[in-house]
Amino acid sequence: MEKGLVKIYCGEGQGKSTSSLGRALVCASEGKEVFMIQFLKGRHTGTLDYLKRLEPEVKVFRFEKMNRYYEELSEDEQREESINILNGVNFAKKVLTIGECDVLILDEILGLVDLGILNVSDVIHLIQAKPEEMELILTGRNLPEELVTEADYISKIGIVKKADSDA
């Protein structure tokens, strides 16, 4: 059985989640079972409804309950939503522990470190819990230096040009 790699898609540019989803489609076409757990996406149903059409080959999970992004919530709402987010992290631990899929994507998990919901050591523990044959993909804007040695592959997505939004 081939070794599953740890891949990280990070950077300021858009397309990290899309890149991980592209990888999910490639793996699903090879007959692999793919789980994607999305964090910090809110409960916006349009995108989620579309992604659900990829099942059963690609299963997408969101644990957040609010219809707004985490950063838009009040302090009380953020505390409540953090509990939901941590339920998603615990689900990820379970998936890793029992090897429930061939590819696990933790979309925007690095953002949880940025917001202080998780520590870098929590992410390292998730990586270390990965079964050898499982591929694990992490995404997020900022890459903590401590994760560089934990990854087999890191792709940094940057902005080369950004059009003026008033034009």
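Residues numbered from 1 in each chain as written. Predicted model: local features only at pLDDT ≥ 70, side-chain atom pairs only at ≥ 80, totals over all residues. Heavy atoms only, no water.

## Digging into the environment of Ala24
Okay, step 1: Residue position: Ala24 is located in helix α1 (residues 16–29).
Okay, step 2: Classification of Ala24 as buried rests on a relative accessible area of 0%.
Okay, step 3: Sequence-wise, Ala24 and Lys59 are 35 residues apart; in three dimensions their C-alpha atoms are separated by 9.8 Å.
Okay, step 4: Setting aside residues up to four positions removed in sequence, Ala24 forms contacts with Val34, Val58 and Ile105. (Helix = DSSP H or I, 4+ residues; strand = E, 2+ residues; numbered from the N terminus. Buried < 20%, exposed > 50% of the residue type's maximum accessible area, 1.4 Å probe, protein only. Contact = heavy atoms within 4.5 Å.)

## Focus on unusual backbone geometry
As a rule of thumb, non-glycine residues mostly have phi less than zero, and peptide bonds are mostly trans rather than cis.
Okay, step 1: Omega for the bond connecting Glu55 with Pro56 falls within 30 degrees of zero, at 10°, which places this linkage in the cis form.
Okay, step 2: In this structure, Pro56 sits in the loop between α2 (45–52) and β3 (58–62).
Okay, step 3: Residue Leu40 is not a glycine yet carries a positive backbone phi of 60°.
Okay, step 4: Relative to the helices and strands, Leu40 is located in the loop between β2 (34–38) and α2.

## With respect to helix α5 (residues 120–128)
Okay, step 1: Here α5 has its buried residues at Val120, Val123, Ile124, Leu126 and Ile127. Angular distribution of buried residues about the axis of α5 spans 155°; they occupy a single face of the element. Opposite the buried face of α5, by more than 90 degrees, sit the exposed residues His125 and Gln128. (Arc of directions from axis to C-beta.)

## Description of the state of the cysteines
Okay, step 1: Counted under the stated rule, the structure contains zero disulfides.
Okay, step 2: The thiol of Cys10 is not disulfide-bonded; the next cysteine sulfur, from Cys27, is found 19 Å away.
Okay, step 3: Judged by its relative accessible area of 3%, Cys10 is buried.
Okay, step 4: Left unpaired, Cys27 is separated from the closest cysteine sulfur, that of Cys101, by 10 Å.
Okay, step 5: By relative accessible area, which is 0% here, Cys27 ends up buried. (Disulfide = S-S within 2.5 Å.)

## As for the pattern of salt bridges
Between side chains of opposite charge, a pair can form when the charged atoms approach closely.
Okay, step 1: If you walk through the whole model with that rule in mind, you get 11 salt bridges.
Okay, step 2: In this structure, Lys41 and Asp107 form a salt bridge, with 3.6 Å as the shortest nitrogen-oxygen distance. Of this pair, Lys41 sits in the loop between β2 and α2 while Asp107 sits in strand β4 (residues 103–107); the two residues are 66 residues apart in sequence, bridging distant segments of the chain.
Okay, step 3: A relative accessible area of 0% means that Asp107 is categorised as buried. (Salt bridge = Lys/Arg side-chain N within 4 Å of Asp/Glu carboxyl O.)

## Regarding the packing of aromatic side chains
Okay, step 1: What the rule picks out here adds up to four aromatic pairs.
Okay, step 2: Summarising the aromatic geometry, the rings of Phe61 and Phe91 are spaced 4.8 Å apart at their centres and angled 55° between planes, so their arrangement reads as tilted. With Phe61 in strand β3 and Phe91 in helix α3 (residues 75–98), the pair connects residues that are 30 residues apart, well separated along the chain.
Okay, step 3: Phe61 gets classed as partly exposed once you look at its relative accessible area, which sits at 22%.
Okay, step 4: With relative accessibility at 16%, the residue Phe91 sits in the buried group. (Phe/Tyr/Trp six-rings, centres within 6.5 Å; stacked < 30°, edge-to-face > 60°.)

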